[in-house]
Amino acid sequence: MGMVGIALARGFAYDVRELAEFAYRQLGGHSHLVGEADVVPQAVEFVLERVARVLSDEGLARDVVDAVLPSAVFLDLAARARGPAGRAGRLLVGRIW
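Residues numbered from 1 in each chain as written. Predicted model: local features only at pLDDT ≥ 70, side-chain atom pairs only at ≥ 80, totals over all residues. Heavy atoms only, no water.

### A look at the packing of helix α2 (residues 16–26) against helix α3 (residues 36–57)
Any two packed helices are characterised by the angle at which their axes cross and by the distance between the axes. Worth spelling out the cut-off: Structural elements are reduced to axes, namely lines fitted to C-alpha atoms, with helices fitted over the stretch in contact, and the angle between N-to-C directions of any two is expressed from 0 to 180 degrees. Helix and strand labels come from DSSP, where a helix needs a run of H or I of at least four residues and a strand needs a run of E of at least two; each type is numbered from the N terminus. In these notes the angle categories are as follows: under 35 degrees is roughly parallel, over 145 is roughly antiparallel, 65 to 115 is roughly perpendicular, and the rest is oblique. Handedness of a crossing follows from how the near helix is turned relative to the far one, being left-handed for an anticlockwise turn of less than a right angle and right-handed for a clockwise one. Here, residues are in contact when the closest pair of their heavy atoms is within 4.5 Å. Amino acid classes used here: Ala, Val, Leu, Ile, Met, Phe, Trp, Tyr, Cys and Pro are nonpolar; Asp, Glu, Lys and Arg are charged; the rest, including Gly, are polar.
Running from amino to carboxyl end, α2 crosses α3 at an angle of 135°, the nearest separation of the two axes being 9 Å. Put simply, α2 runs oblique to α3. Every pair of crossing elements has a handedness; the one defined by α2 and α3 is right-handed. Note on element contacts: α3 touches α2 through E36, V39, V40, P41, A43, V44, V47 and L48, opposite V16, R17, A20, E21 and Y24. For the contact of α2 with α3, a count of residues per class yields ten nonpolar, no polar and three charged.

Here you go:
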């Protein structure tokens, strides 16, 4: 289970872009670092694609998943992709992710 699986399983709610920007800033002292404008969008795209794959593997249609990816907040996009049943199931059944 990778970062995405852990985040969804543990209910972490964070903005993927903010996390990538924060991680990049932590590396600021390295002299050969590629520019933030190049790295952060690629990192965000990579993580969101992993989220899309996890949700698609759950059986959600890819077009539904793609429609919610712009939110880039883990729990928000997972709940929106799963729809009302996903949000209700989380309340009624307990943690479903």
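### With respect to the packing of helix α1 (residues 3–10) against α3
Following both chains from N to C, one finds α1 and α3 inclined at 65°, their axes separated by 9 Å at the closest point. As α1 packs across α3, the resulting crossing turns out to be right-handed. Only V47, R50, V51 and V54 of α3 make contact with α1, whose side of the interface consists of M3, V4 and L8. Looking at the contact of α1 with α3 residue by residue, the class counts come to six nonpolar, no polar and one charged.

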